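The residues making up each chain are set out below.
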Amino acid sequence: MAHQLSSLYGEEGNKQFDSVIVVTDRTVLDDQLQDTIYQFEHQDGVVARINRNEGEGAKSEKLAMALETSQPIIIVTIQTFPYVLKAIENSVSLKARHYAIIADEAHSSQTGTTARQLKEVLMTDVREDDEEELTSEDILDAAVASRRASSNLSYFAFTATPKTRTLELFGRLPDPAEPPSSTNKPEAFHVYSMRQAIEEGFILDVLKNYTNYKVAYNLALKVQASDREVESKKAKIKLNQWMRLHDYNIAQKVQVIIEHFKDNVMGLLGGVECVQTLSRLNRIYPGKAQSGTFVLDFFNQPEDILAAFRPYYQTAELADVSDPDLIFDLFDKLRAAGIFLWQEVEQFCQAFFQKNKSNAAIANICKPAVERWQKRYQSASEAYRQARDMFERSKKTGDAVLIANAENSFKECKQEKDALEIFKKDLGSFVRFYEFMSQIVDYDSKDLEKLSLYAKNLRPMLREVSVDDDDDVDLSNVVLSHYRLSRIRQQALQIKENSGEYGLKPGDELGTAKPKDKHEEFLSRIISRLNELFVTDHLTEKDLVNYAYTIRDKVSENAAVMSQIANNTPEQAMLGDFPKAIDDAIMDSNDAHQNQMMQLLSNPAKAAGFAKVVFDLLKLTK
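Trainee: Where do I start with the packing of helix α15 (residues 326–336) against helix α19 (residues 400–437) in this structure?
Mentor: Helix packing for two helices is described by the angle between their axes and how far apart those axes are. Close contact between α15 and α19 brings their axes to 10 Å; oriented N to C, the two are set at 145°. By crossing handedness, the relation of α15 to α19 is classed as left-handed. Two secondary-structure elements touch here, α15 through L326, I327, L330, F331, K333 and L334 and α19 through I422, F423, D426, L427, S429, F430, F433 and Y434. Classifying every residue of the contact of α15 with α19 gives eleven nonpolar, one polar and two charged.

Given below as structure tokens:
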């Protein structure tokens, strides 16, 4: 496409594009892309490869030369792209030229500020009097204009997994005369589907050999007396992380991986991230089609993997379009919060576009709003802390009226604190939504532009202070008592044709940020609820882990036993000093394991099975 665009002429015989700029967002892809494009054309001066390895001088100098001489194809990374903007901005002649921008992966880097900045640079009016200084209003006019469709810029984007915003920004409307709507949804200009690529042998089907495993485990407290109330969500996150990084869990999975001689997918996957991750395996290579791909999954369910692939298997389509009017609702919501005054927004924008204003002077204009927010947040946080403590004390009295009044006071204080945290989130949401939607919809609004600029600079200055630092979750008393890793099945996941509608849904929840909902309960109760997830897995003594580790460590101190295990078959080693050593270790186990000790001493069959578990653990450590 780059070569076709670079050699495209209009009816009058003029080139359609002075230069074709190919932008990639990763260095490795950039090298591959440069090599591929360069193979098509070896004539000097056609392809400008902007990298450190070719030519002399800095990247900025190479770019300036390539643009000034109208080299047909210029290849850059997204990291180098700002130099393109600067080079064009510094040249009057470059601003009047026409450019084709090819995004080899249409991700967020081409759908936000960077793309808008290029338009802003190219669409600033070329003045006859170079010495005439631009006012802040002139620059705001240019910024607003830059968000409209530009006649001298054409975007071409490629992606295998388009996100909603990608389709809305780059997609073509079936009826260009009408605005985007649920009946006039942007769609891809051309589709080469995953299904077609697989059928024609250009990529492999990564779902053909999909094997999933399931982990079942039980957690326990070493000492029940140490149980205390903790923040529920934080505790669940820390417990899951603790379990994921547990030595035994990792060892069991590593053993499975080695047995399969393949790698595994680490982490719960969903949506486009799932497709992008697994699709790294689909590249063809001589002999690879015969051996096939293999996915070993310890986290996800097969139906979830299929659901993630379905929207991209044939043609990715939008379920609906984003509502552009949401920006006005959030605009009003932010102004009504009383954190900033509109005259401060005006003052900030005027100072921002003055060349002689320092960053400190510009940031100082935000100071009144920052102080208002911080004063209210500190007051709300202190009231929240006091109301929370009062609520906790009232629960101990058992007085229903006192508890109800304390709870209502606590909720009111929490709402004030939450509102200030949500205000900060809404600032970021406003900027992101406006940056995106203004490239699709012509808002033609200086007020939106001003607030976007002000909000982008104000948000990082609003720093929250945690009132729950003393509520960190201590997991030193938690142990892994039972564990089992079970293979479910190896199968070929098949996506059926016409298996329903799987449109990509737009994000229409602008300005609906929710506060952190903190709920406290005893750590033992949280552990119990996590364990209930595996109640149907019928964990038995065979799956006992923590006690086995304790006994293993004790037996491993016996040099004679470890020598016998290292130099004999399992059958021979089991007849040596091992039986006595394990009996001694069980008898010496501390009070925390009294229950397990009594079960083993009273049941020979259980004791024999347990001994085999410990022996296997010792074999792994020898």
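Anyway, onward from the coordinates.
Trainee: Help me out: how do you make sense of the side chain of S19 in this one?
Mentor: Looking at the secondary structure, you find S19 in strand β1 (residues 19–24). At a separation of 2.9 Å, a polar atom in the side chain of S19 contacts the main-chain carbonyl oxygen of Q71. The residues touching S19, leaving out its near neighbours within four places in the chain, are S70, Q71, P72, I74, H98, Y99 and A100.

Trainee: Help me out: how do you make sense of the pattern of salt bridges in this one?
Mentor: Proximity of charged atoms lets side chains of opposite charge pair with each other. What the rule picks out here adds up to 14 salt bridges. For K450, the salt bridge identified is with E346, shortest N-O distance 2.7 Å. Taken as a pair, K450 in helix α20 (residues 446–458) and E346 in helix α16 (residues 342–352) lie far apart in primary sequence, 104 residues in all. In this structure K450 comes out as buried when scored by relative accessible area, which is 6%. Residue E346 is classed as partly exposed on the basis of its relative accessible area of 30%. With a closest N to O distance of 4.0 Å, E416 and R376 form a salt bridge. Of this pair, E416 sits in helix α19 while R376 sits in helix α18 (residues 367–397), placing them 40 residues apart in sequence. By relative accessible area, E416 is classed as partly exposed at 34%. Taking relative accessible area as the criterion, R376 reaches 32% and is therefore assigned partly exposed.

Trainee: Teacher, can you tell me more about the packing of α18 against α19 here?
Mentor: One way to put it is that α18 packs onto α19 with a least axis distance of 8 Å and a crossing angle of 155°. When the axis of α18 is compared with that of α19, the two are roughly antiparallel. As for the relative orientation of α18 and α19, their crossing is left-handed in sense. Among the residues forming the contact of α18 with α19, the class breakdown is 15 nonpolar, four polar and eight charged.

Trainee: Can you help me understand the nonpolar core in this one?
Mentor: One broad trend across soluble globular proteins is that nonpolar side chains are buried collectively. Formed by 46 residues in total, the largest nonpolar core has its most connected members in I551, V555 and F578. One finds F423, F436, L448 and L451 within the second-largest nonpolar core, a separate group that totals 40 residues.

Trainee: Explain the packing of aromatic side chains here, please?
Mentor: Describing an aromatic ring pair means giving the distance of the ring centres and the angle of the ring planes. In total, this model carries 15 aromatic pairs according to the counting rule given. Arranged with centres 6.4 Å apart and planes meeting at 40°, the rings of F331 and F430 form a pair that is tilted. Placement of the pair is F331 in helix α15 and F430 in helix α19, with a sequence separation of 99 residues. Grouping residues by exposure puts F331 and F430 together as buried.

Trainee: Which parts of the structure should I look at to understand the environment of A573?
Mentor: Among the structural elements, A573 can be located in helix α24 (residues 570–574). Linking A573 and F615, residues 42 residues apart in sequence, is a C-alpha distance of 9.3 Å. Beyond its immediate chain neighbours, meaning those up to four positions away, A573 contacts Q564, I565, N568, F578 and F615.

Conventions adopted
- Residues numbered from 1 in each chain as written.
- Predicted model: local features only at pLDDT ≥ 70, side-chain atom pairs only at ≥ 80, totals over all residues.
- Heavy atoms only, no water.
- Axes fitted to C-alpha atoms, helices over the stretch in contact; angles between N-to-C directions.
- Helix = DSSP H or I, 4+ residues; strand = E, 2+ residues; numbered from the N terminus.
- Left-handed = near helix turned anticlockwise from the far one by under 90°.
- Contact = heavy atoms within 4.5 Å.
- Nonpolar A, V, L, I, M, F, W, Y, C, P; charged D, E, K, R; others polar.
- Polar contact = N/O pair within 3.5 Å; in protein donor to acceptor, adjacent residues only side chain to side chain.
- Salt bridge = Lys/Arg side-chain N within 4 Å of Asp/Glu carboxyl O.
- Buried < 20%, exposed > 50% of the residue type's maximum accessible area, 1.4 Å probe, protein only.
- Parallel < 35°, antiparallel > 145°, perpendicular 65-115°, else oblique.
- Core = buried A, V, L, I, M, F, W, Y, C linked by side-chain atoms within 4.5 Å.
- Phe/Tyr/Trp six-rings, centres within 6.5 Å; stacked < 30°, edge-to-face > 60°.

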